[in-house]
Amino acid sequence: NAGVTQTPKFRVLKTGQSMTLLCAQDMNHEYMYWYRQDPGMGLRLIHYSVGEGTTAKGEVPDGYNVSRLKKQNFLLGLESAAPSQTSVYFCASRTWDFTDTQYFGPGTRLTVL
Amino acid sequence: AQKVTQAQTEISVVEKEDVTLDCVYETRDTTYYLFWYKQPPSGELVFLIRRNSFDEQNEISGRYSWNFQKSTSSFNFTITASQVVDSAVYFCALSEYNDMRFGAGTRLTVKP
């Protein structure tokens, strides 16, 4: 099992450009999450999904869109990147059981110039 | 709304010292789970422990121990006889149902 994988690992964008981050999991988990990590602020939830075809907003959703067309994939999109979106992005997944831990991907470091 | 506070931003100790990382949480639910994660310099997030709101027993795993006190809404983490490999950022997190809220993290540096 690969667990949770994220593509790409690093990316540099110019302000106004768009991009999509891909998260894939092979554990057949129902729930998937996108977080951003900024210095001194821990991880903040952007969007999450409780199943294929569903998405919901988290704590900091503005400027991002997500899609969950397949159970194993959760895409995070930036339509018009801004320097404030420079961050490390983590994807995570877990089973339907909220007592279960979340399994995290390795992270994507995004810089917006 | 749920909230997790880790008041200690950075802690520095010398190897073999004991160190306690504090975590205070806020929630309106009676059923919730608390977690601790470790983020070493390599950047990945490593799960350490999960504790449910109905189990206040302290837990010990090797040099690690956790003290959960509902009366003070705290879930503190102690490392006994710290080692250089313990140097990392440690996150406390609270899960109520669909999402999880993380504290800002405590950066622990263990010097040889």
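Calculation notes
- Residues numbered from 1 in each chain as written.
- Chains lettered and ligands numbered in written order.
- Predicted model: local features only at pLDDT ≥ 70, side-chain atom pairs only at ≥ 80, totals over all residues.
- Heavy atoms only, no water.
- Helix = DSSP H or I, 4+ residues; strand = E, 2+ residues; numbered from the N terminus.
- Rg over C-alpha atoms; globule rule 2.2 N^0.38 Å.
- Buried < 20%, exposed > 50% of the residue type's maximum accessible area, 1.4 Å probe, protein only.
- Areas by Shrake-Rupley, 256 points an atom, 1.4 Å probe, with all protein chains shown as cover.
- Contact = heavy atoms within 4.5 Å.
- Buried area = accessible area lost by both parts, 1.4 Å probe.
- Salt bridge = Lys/Arg side-chain N within 4 Å of Asp/Glu carboxyl O.
- Polar contact = N/O pair within 3.5 Å; in protein donor to acceptor, adjacent residues only side chain to side chain.
- Nonpolar A, V, L, I, M, F, W, Y, C, P; charged D, E, K, R; others polar.

A. Structural detail: the overall build of chain B. Counting secondary structure elements, chain B contains zero helices and twelve strands. Helices and strands appear in chain B in the N-to-C order β-β-β-β-β-β-β-β-β-β-β-β. The C-alpha atoms of chain B give a radius of gyration of 14 Å, which matches the 13 Å a tight globule of 112 residues would have. The C-alpha extent of chain B, read off along each of the three principal axes, is 45 × 25 × 20 Å. The buried share of chain B, reckoned over its 112 residues, is 46%. Accessible area for chain B stands at about 5,500 Å²; split by element, carbon and sulfur atoms hold 47% of it.

B. Spatial organisation of the interface of chain A and chain B. On the side of chain B, 21 residues touch chain A, which itself brings 20 residues to the contact. Here chain A meets chain B over a buried area of about 1,700 Å², counting both sides, of which 58% is carbon and sulfur. Linking chain A with chain B are zero salt bridges. Seen at the junction of chain A and chain B, the total is four residue pairs in polar contact (both at pLDDT 80 or more). Counting residues per element, the ones that place at least two in the side of chain A that touches chain B are strand S4 (31-38), strand S5 (42-49) and strand S9 (87-94) of chain A. Looking at the side of chain A that touches chain B residue by residue, the class counts come to eleven nonpolar, six polar and three charged.

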